[in-house]
Amino acid sequence: MDRAILRGGVSIGILTNFTLTAQLFSGHCPADQPPEPPRITPEQAAIQSAESRNRELTKEITKKDAKIQALEDEIKALKKPSPTATKTSAWRTFTATAYTSYCTEGCTGITKTGVDVSHSIYYEGARVIAVDPSVIALGSTVEVRLADGSSFRAKAIDTGGAIKGAQLDLLVADEADAVQFGRQSVELRVIK
């Protein structure tokens, strides 16, 4: 009985050696073979694909958010008044008269700054005034307060030969309005 076990053990060992030798020569050694990749279901594949796309979209969104932030910062910087910008000045007393660009002679309707006011007494939403540019810079926006307490915004875009010092000329629609406005004392302050 002991012999049979030994003989059986030897024959099994010989068979095992023969099988391993054959696998080595054929290149199919079980130790050399990579493990099979785990198999995934179609649902798992779809989830992995969606997660990959989400990562790509997140990267794109992050880049675009950075661009948006840079543009918003640039806009904020542009909106900040420059250190050399004119600040609101104190109220000053001016002598005001009125003029019209709708006259028969000597009027072109073009202001000193090149704006055609022959069809409107407003420019950029403000009334047009002529000023002495050595007192009020051309292009300035001012607030004018009349003696009755009413006020309006005006844009200094014109000059006049008779406008010297603390004087201003208000553009009105016609000669009748200019006569009615007459000459009056007003308060003026530069607002930008």
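Residues numbered from 1 in each chain as written. Predicted model: local features only at pLDDT ≥ 70, side-chain atom pairs only at ≥ 80, totals over all residues. Heavy atoms only, no water.

J.: Could you give me a rundown of the overall build of the protein, with the residues and numbers involved?
T.: When its secondary structure is counted, the protein shows three helices and seven strands. In sequence order, the protein lays out its α and β elements as α-α-β-β-β-β-β-β-α-β. A burial count over the protein gives 24% of its 192 residues as buried. A separation of at least 24 residues holds for 73% of the contacts in the protein among residues at least 6 apart in sequence. Put simply, the protein shows about 14100 Å² of open surface, and 57% of that area lies on carbon and sulfur atoms. (Helix = DSSP H or I, 4+ residues; strand = E, 2+ residues; numbered from the N terminus. Buried < 20%, exposed > 50% of the residue type's maximum accessible area, 1.4 Å probe, protein only. Contact = heavy atoms within 4.5 Å. Areas by Shrake-Rupley, 256 points an atom, 1.4 Å probe, with all protein chains shown as cover.)

J.: Please set out the packing of aromatic side chains residue by residue, giving values where relevant.
T.: All told, the structure shown has zero aromatic pairs when counted by the stated rule. Cation over ring: R127 sits above Y122, and NZ or CZ is 5.7 Å from the ring centre. Sitting over the ring of W91, R145 keeps its end group 3.9 Å from the ring centre. (Phe/Tyr/Trp six-rings, centres within 6.5 Å; stacked < 30°, edge-to-face > 60°. Lys NZ or Arg CZ within 6 Å of the ring centre and 35° of its normal.)

J.: Which residues make up the pattern of salt bridges, and what are the values?
T.: If charged atoms from side chains of opposite charge come close, those side chains can pair. According to the stated counting rule, one finds three salt bridges in the structure shown. Ionic pairing is found between K155 and E124, a salt bridge with its closest N-O pair at 3.3 Å. Of this pair, K155 sits in strand β5 (residues 151-158) while E124 sits in the loop between β2 (122-123) and β3 (126-131), and the two are 31 residues apart along the sequence. Using a relative accessible area of 13% as the deciding quantity, one classes K155 as buried. As a salt-bridge pair, E143 and R189 come within 2.8 Å of each other at their nearest N and O atoms. Of the two residues, E143 sits in strand β4 (residues 141-145) while R189 sits in strand β7 (residues 184-190), which places them 46 residues apart along the sequence. A residue is classified by how much of its surface remains accessible, and E143, at 19% relative accessible area, is buried. Overall, the relative accessible area of 25% leaves R189 in the partly exposed class. (Salt bridge = Lys/Arg side-chain N within 4 Å of Asp/Glu carboxyl O.)

J.: Would you mind going over the nonpolar core in detail, with residue names and values included?
T.: In summary, soluble globular proteins display a tendency toward joint burial of nonpolar side chains. I129, I136, V142, V144, L168 and L188 are the most contacted members of the largest nonpolar core, which totals 20 residues. Those elements that provide at least two residues to this core are β1 (92-100), β3, β4, β5, β6 (167-172), α3 (175-181) and β7. Not counting residues up to four positions away in its chain, the partners in contact with V142 are I129, I136, F152, R153, A154, L188, R189, V190 and I191. Counting residues in hydrophobic clusters, the runner-up holds eight residues, among them V117, I121, V128 and A130. (Core = buried A, V, L, I, M, F, W, Y, C linked by side-chain atoms within 4.5 Å.)

J.: Talk me through a positive patch on the surface; I want residue IDs and the actual numbers.
T.: A contiguous patch of positive charge, built from R55, K59, K63, K64 and K67, is present on the exposed surface. Tracing the backbone shows R55 in helix α2 (residues 42-79). (Patch = residues over 30% accessible without salt bridge, like charges linked within 9 Å, V, L, I, M, F, W, Y side chains within 5 Å. Lys, Arg positive; Asp, Glu negative; His and termini not counted. Charge placed at Lys NZ, Arg CZ, Asp CG, Glu CD.)

J.: Hey, could you go over the pairing of β7 for me, with residue numbers and the actual values?
T.: As paired strands, β1 and β7 are joined by five bridges and run antiparallel to one another. When the bridges of β7 are listed, T93 appears paired with E187. Two strands pair when backbone bridges link them, and β4 and β7 are joined in this way by four bridges, in the antiparallel orientation. Across the sheet, the residue bridging to V144 is L188, located in β7. (Pairing = 2+ DSSP bridges.)

J.: For the environment of D174, give the residues involved together with the corresponding values.
T.: You can see D174 is positioned in the loop between β6 and α3. Residue D174 is classed as partly exposed on the basis of its relative accessible area of 33%. It is 9.9 Å that separates the C-alpha atoms of D174 and I121, two residues lying 53 residues apart in sequence. Polar side-chain contacts of D174 include one of 3.2 Å to the backbone nitrogen of A176. (Polar contact = N/O pair within 3.5 Å; in protein donor to acceptor, adjacent residues only side chain to side chain.)

Worth remembering: the numbers are spatial, not functional.
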